[in-house]
Amino acid sequence: MGRTYLKHGALALMLGILLSACSGPSFNMFGGQSRDEVERNRWRDEAEMQCLGLKGAMVTAFVDRKAPINGPGVCGIRQPFSLSSVGMGLADIKPAATLNCQMVVAVQHWLRTVVQPAALIRFGQPVVEVKNIASYGCRTRNNERGAKLSEHSFGNAIDIAAFKLAGGREISVKDGWDSFFGISREAGFLRAVHRESCDIFTTVLGPESDRHHQDHLHLDLAQHNSQGTHYCK
Ligand SMILES: [Zn+2]
């Protein structure tokens, strides 16, 4: 059963599929190349610079900074961060994720306000580790030749495969999403995280989106349109 949440207006459902994330077919606007492949969309730099201002700087103050990533092509991050834990060691991100400023702020907020409450409600214990299987990487969506660049190419996306609870139990998207017909505690936890992630990220893709997301949640901050539409499935 597919679920789609559209926020701040609609009409952009298909556009959302085409314009974001690690999914979607090739979409050519500029003589065979998408705009991102010709020049980096201005909103990316604006979002990053805004984040690196006072508010973002407070959130990222204790996060390791890395050297700028320039290219290949338009890929890269002006000021990349290596996010290895959230909440001063409250939960680890393993392995550490290379992300832009906006994603660092969003992932920290997500851990505190979405993941931990969902875990405490269902398991009575917090998540202590989040398994990251992809963050920055200069590549096309789903690594398909000719496809549009993925949000991962800008450090603007993360793929999460599993969560480990304080007691040691691991809840993976691959095994937990449909466990006991999708109504187990694990499934309830994963589905709640997926659903509520849509409040924070502009793209959320899980096992019900397509065959490329059977074992992880893709979370990104793509700008789908000027209305700020969120695409979550
Ligand atoms: Zn992804």
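Structure's up top.
This write-up is about the structure you can find in this document.

Here the focus is the state of the cysteines. As used here, a disulfide is simply a covalent bond connecting the sulfur atoms of two cysteines. In this structure the tally under the stated criterion is 3 disulfides. Between the sulfur of Cys51 and that of Cys101 lies a disulfide, 2.0 Å long from S to S. Given an S-S torsion of about -75°, the disulfide between Cys51 and Cys101 has left-handed geometry. Remark: Cys101 occurs in helix α5 (residues 101-123) and Cys51 occurs in helix α3 (residues 42-51); sequence separation between them is 50 residues. Judged by its relative accessible area of 10%, Cys51 falls in the buried class. Note on Cys101: relative accessible area 0%, which makes it buried. There is a disulfide in this structure between Cys75 and Cys138, and the S-S distance comes to 2.0 Å. Residues Cys75 and Cys138 share a disulfide whose torsion about the S-S bond is about 70°; that sign makes it right-handed.

For the rest of this paragraph, the subject is the pairing of strand β11 (residues 217-220). The side chains of a regular strand alternate, residue by residue, between the two faces of the sheet. Burial along β11 is two-sided: Leu217 and Leu219 facing one way and His218 and Asp220 facing the other are all buried. Bridge count between strand β8 (residues 157-165) and β11: 4 bridges; the pairing is antiparallel. Looking at the pairing, Ala157 lines up with Asp220 of β11. Where strand β10 (residues 203-205) lies against β11, 3 bridges are found, and the strand directions are antiparallel.

This part takes up α5. Between the first and last C-alpha of α5 there are 31 Å, a value that for 23 residues agrees with the 33 Å anticipated at 1.5 Å per step. At Leu111, α5 shows its strongest bend, of approximately 40°. Backbone nitrogen of Gln102 and a side-chain oxygen of the N-cap are separated by 3.2 Å at the start of α5; the cap is Asn100. Backbone geometry just after α5 places Gly124 at a positive phi near 70°.

Reading guide: rules and limits
- Along each chain, numbering runs from 1 in the same order as the chain's sequence is written.
- Restriction of local features to residues with pLDDT of at least 70 applies here, the model being predicted, together with a cutoff of 80 or more for giving and counting side-chain atom pairs; totals for whole chains, interfaces and linings are based on all residues.
- Side-chain figures throughout are based on the complete set of non-hydrogen atoms in the structure, without hydrogens or water.
- By definition, disulfides here are pairs of cysteine sulfur atoms that lie within 2.5 Å.
- Numbering of helices and strands runs from the N terminus, with a helix taken as a DSSP run of H or I at least four residues long and a strand as a DSSP run of E at least two residues long.
- The cut-offs for exposure are 20% and 50% of the maximum accessible area for each residue type, with area from a 1.4 Å probe on protein chains only; residues under the lower value are buried, those over the upper are exposed, and the others partly exposed.
- Should DSSP find at least two bridges between two strands, the strands are taken to pair.
- Expected span, for any helix, means 1.5 Å times one less than how many residues it has.
- We define the bend at each residue as the angle formed by axes fitted to the 7 residues ending at it and the 7 residues starting at it.
- Pairs of N or O atoms within 3.5 Å make up the polar contacts considered here, provided that, within protein, one atom can donate a hydrogen while the other can accept it, and that residues adjacent in sequence are counted only when both atoms are side-chain atoms.

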